[in-house]
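Chain residues, written in single-letter form:
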Amino acid sequence: IAEAYRALRTNIQFSSLDTVLRTVLVTSAGPAEGKSTTLANLAVVTAESGTRVLAVDCDLRRANLHTLFGLDNTEGLTNFILAEGNGPLPAQPTGVPNLQVLTTGPLPPNPSELLASRQMARVLDVLRDAADLVLFDAPPVVAVTDAAILAPRMDGVLLVVDAGTTRRDWARRARAQLEKVNARLLGVVLNNAQVDTQLYGYYAQV
């Protein structure tokens, strides 16, 4: 599994040789497809390579990164948005060197409006300069508009689908919605796919 995430990290790095990727949005077609877990693992392996990484939870409907990393969620992104990006960034350190997490903070009643606000645009400018790579966790793109609002402002977008649960029409709709807002789709992460163990066994024996 760790090797798969390292391969994902490398693929992202080589997906844009002419432009440095500073901000990447991670979303999915539908719920429960592993987008937050994918982002968390990608953040860890990237930080382990010496890159300063900031993981930002932009899922203001079902916050999850604070749970995955065992962090407090009293203060986070929503507080920083209301402050218009002024003051200290309420990001929290993790047990992984070079990796910080900005949790959601209190969940708002109007997530889409908050993410589309002028204050959020200011916050994105601040976050871009806060680390070498900023990974944004967004809600499923087919379910709500949040990911489509954020995607055009990012250097790239990763779409996560699950081999066992994602419907093909959902995946097609997700791609179409991202293309409609001129998002730069870096690629698709396929979760829960069967692995050919013979291939890995061969390299383990070399």
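Read on for an overview of the structure. For clarity, every value in this text was computed on a predicted model and none was experimentally measured.

Focus: the sheet that holds strand E5 (residues 133-137)
Moving on, step 1. Read from one edge to the other, the open sheet built from seven strands follows the order E3-E4-E2-E5-E1-E6-E7, with strand pairing classed as mixed. Looking at strand neighbours, the two that pair on one side only are strand E3 (92-93) and strand E7 (185-191), the edges of this open sheet.
Moving on, step 2. Pairing between strand E1 (residues 23-28) and E5: four bridges, direction parallel. Across the sheet, the residue bridging to Val26 is Asp137, located in E5.
Moving on, step 3. Here helix H2 (residues 35-48) sits on the sheet and contacts E1, strand E2 (53-57), strand E4 (99-102), E5, strand E6 (156-162) and E7; the angle it forms with E5, its principal contact strand, is near 170°.
Moving on, step 4. Against the sheet, helix H8 (residues 168-180) engages E6 and E7, with an angle of about 170° to E6.

Quick word on the environment of Gln177
Moving on, step 1. On the secondary structure map, Gln177 appears in helix H8.
Moving on, step 2. C-alpha separation for the pair Gln177 and Val141, spaced 36 residues apart in sequence, amounts to 7.5 Å.
Moving on, step 3. In contact with Gln177, not counting residues within four places along its chain, are Val141 and Val142.

Brief notes about the nonpolar core
Moving on, step 1. Ranked by size, the top nonpolar core spans 33 residues in total, and within it Leu25, Val56, Leu77, Met120 and Phe136 carry the most contacts.
Moving on, step 2. No other element matches helix H6 (residues 118-128), which puts four residues into this core.
Moving on, step 3. Residues within four places of Met120 in sequence aside, it is in contact with Cys58, Leu77, Ile81, Leu114, Leu115, Leu150 and Arg153.
Moving on, step 4. Membership of the second largest hydrophobic core comes to 25 residues, among which are Leu21, Ala43, Val53 and Val160.

Side note on the side chain of Gln92
Moving on, step 1. Tracing the sequence through the fold places Gln92 in strand E3.
Moving on, step 2. Given the relative accessible area of 17%, Gln92 is considered buried.
Moving on, step 3. For Gln92, the side chain forms a polar contact with the main-chain oxygen of Asp72, separated by 2.6 Å.
Moving on, step 4. The residues touching Gln92, leaving out its near neighbours within four places in the chain, are Leu71, Asp72, Glu75, Leu99, Gln100, Val101 and Thr103.

What to know about the layout of surface pockets
The gaps of empty space that remain are located by a probe, the size of a water molecule, rolled over the atoms.
Moving on, step 1. Computed from the structure, the largest pocket encloses a volume of approximately 650 Å³.
Moving on, step 2. Lining the largest pocket are 19 residues, with Ile1, Ala4, Leu190, Asn191 and Val195 sitting closest to its centre.
Moving on, step 3. Counting residues per element, the ones that place at least two in the lining of the largest pocket are helix H1 (2-14), H2 and E7.
Moving on, step 4. The element contributing the most residues to the lining of the largest pocket is H1, with six residues.

What counts as what
Residues numbered from 1 in each chain as written. Predicted model: local features only at pLDDT ≥ 70, side-chain atom pairs only at ≥ 80, totals over all residues. Heavy atoms only, no water. Pairing = 2+ DSSP bridges. Helix = DSSP H or I, 4+ residues; strand = E, 2+ residues; numbered from the N terminus. Contact = heavy atoms within 4.5 Å. Axes fitted to C-alpha atoms, helices over the stretch in contact; angles between N-to-C directions. Core = buried A, V, L, I, M, F, W, Y, C linked by side-chain atoms within 4.5 Å. Buried < 20%, exposed > 50% of the residue type's maximum accessible area, 1.4 Å probe, protein only. Polar contact = N/O pair within 3.5 Å; in protein donor to acceptor, adjacent residues only side chain to side chain. 1 Å grid on protein atoms, 1.4 Å probe; cavity = no way out; pocket = protein on both sides within 12 Å on 5 of 7 lines; lining within 4 Å. Points joined across faces, edges and corners; volume = space filled by probe spheres on them.

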